[in-house]
Amino acid sequence: MADHSKNIVYLVTGANRGIGLAVIYLLAARPNTTVLATARSLPTDDDNNQSSVFSSIVCHESSSLIPILLDETKPAISSSTLPARLSSAGIEHINIVIANAGTATNGFKSVFDTTEEDYRNDFEVNTLGPIRLFKGIHGLLEKGAEVSGQESKFVVVGSSVGSTGGLVTAEGEMEGGMLVCGSYGLSKAGVQWWVMKLRAELKGKGGEGKVVVGVVHPGWVKTEMGQGLADAVGFRAGPPLGVEESATGVVEQVDKLTMENSGQFWRWDGGVLPW
Ligand code: NDP
């Protein structure tokens, strides 16, 4: 039975499928680790014979995985209620957050086709989601730093299409994928700007010793979202990267985040992207 008070505690959002699910497979196999895996819904006792995707995950004998309901649109299970809900599950600190949940709610469109509602929808999840999460749990992250004696980490899974500096190629043309990322790209640019701002503020108030931050672009990955982009640009071969390869790279970048390199925008393979 895992002792959460001594374990490294990870919280991963959007962990029920895609990259998030592949990430928690890797983390749960590590020793002395507690993985808080969030999803918008979990099977209840009424859902006869429906087991959660999390039940197939094999944890190290000193580790455990705890499914957590998290939906920012439902006050009872939003980030602001997390500290109390985690406390009743015996969790009093968090060491590492991977804010992975994301969406291209109404698909990938050019700016001419993107509606105001599209902008709002993607902003709500991709930009405000991690912001709310940080506000809800930064006290637990600070506690995590005290417990472990090491800086806690807050990492957002962002996207190269939200990179303003990388928006055009050396030839001055916009990259193909970016042409159809009106609302999604803007929402990722927004959260990425916020991570930079957060890093500056944490540094300013001397809190960076407790919490470090970063953004990781996971690559173009074979998930529902990655395939959605391939369909939108008519790329028949589909996304090039498998979820395991992407998740391995994401976890590697999270592992190497320290106070010295806080505020980086990494690719899954360790390359650095322009903001
Ligand atoms: P998937 O579409 O496979 O999974 C998305 C996850 O986010 C699901 O767990 C989903 O939960 C959750 N999610 C979606 N909407 C919400 C919401 N409103 N509230 C809470 N959770 C939500 O996507 P990927 O695994 O591909 O994407 C993971 C991250 O990687 C995202 O942030 C994405 O933007 C980013 N990314 C992905 C790329 C790719 O090529 N795949 C490229 C660049 C970045 P549910 O099952 O309940 O819908």
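One can find the structure itself at the top, above this paragraph.
The following paragraphs examine the structure supplied in this document. (Residues numbered from 1 in each chain as written. Predicted model: local features only at pLDDT ≥ 70, side-chain atom pairs only at ≥ 80, totals over all residues.)

## Describing the nonpolar core
Phase 1: In this structure, Tyr10, Val23, Ile24, Ala37, Val97 and Ile98 are the most contacted members of the largest nonpolar core, which totals 61 residues.
Phase 2: The contacts of Val97, once residues within four sequence positions are left out, are Leu11, Leu133, Ile137, Leu141, Lys153, Phe154 and Val155.
Phase 3: By size, the runner-up hydrophobic cluster in this structure holds nine residues, among which are Phe108, Met178, Tyr184 and Leu229. (Core = buried A, V, L, I, M, F, W, Y, C linked by C-beta atoms within 7 Å. Buried ≥ 20, exposed ≤ 12 C-beta atoms within 10 Å, placed from the backbone. Contact = placed C-beta atoms within 7 Å.)

## Observations regarding the pairing of strand β6 (residues 211–217)
Phase 1: Buried residues dominate β6, accounting for seven of its seven residues.
Phase 2: Residue alternation in β6 divides its side chains into two sets, Val211, Val213, Val215 and His217 and Val212, Gly214 and Val216, and both sets are buried.
Phase 3: With six bridges connecting them, strand β5 (residues 152–157) and β6 associate as parallel partners. Note that in β6 the partner of Val157 across the bridge is Val216.
Phase 4: Pairing of β6 with strand β7 (residues 264–267) involves four bridges; the strand directions are parallel. Residue pairing across strands places Val215 opposite Phe265, the latter belonging to β7. (Helix = DSSP H or I, 4+ residues; strand = E, 2+ residues; numbered from the N terminus. Pairing = 2+ DSSP bridges.)

## Brief notes about the site of the ligand
Phase 1: Close to the ligand lie 24 residues; Gly14, Gly18, Gly102, Thr223 and Gly226 are nearest.
Phase 2: Elements represented by at least two residues in the shell around the ligand include exactly α1 (18–28) and α5 (224–233).
Phase 3: Classifying every residue of the shell around the ligand by side-chain character gives nine nonpolar, eleven polar and four charged. (Near = placed C-beta within 6 Å. Nonpolar A, V, L, I, M, F, W, Y, C, P; charged D, E, K, R; others polar.)

## Remarks on the sheet that holds strand β4 (residues 96–99)
Phase 1: Spatial ordering of the open sheet is given by β3-β2-β1-β4-β5-β6-β7, a layout of seven strands whose pairing is parallel. Both edges of this open sheet fall to β3 (64–69) and β7, since each of them pairs with a single strand only. Across the sheet, the mean angle from the axis of one strand to that of its neighbour is 20 degrees, orientation sign disregarded.
Phase 2: One ladder, built from four bridges, connects β4 with β5; its direction is parallel. If you follow Ile98 over to β5, its bridge partner there is Val155.
Phase 3: Across the sheet, helix α4 (residues 182–204) is in contact with β5, β6 and β7; its angle to β6 comes to roughly 160 degrees. (Axes fitted to C-alpha atoms, helices over the stretch in contact; angles between N-to-C directions.)

So, to be careful, I would describe these as geometric facts and stop short of saying anything about function.
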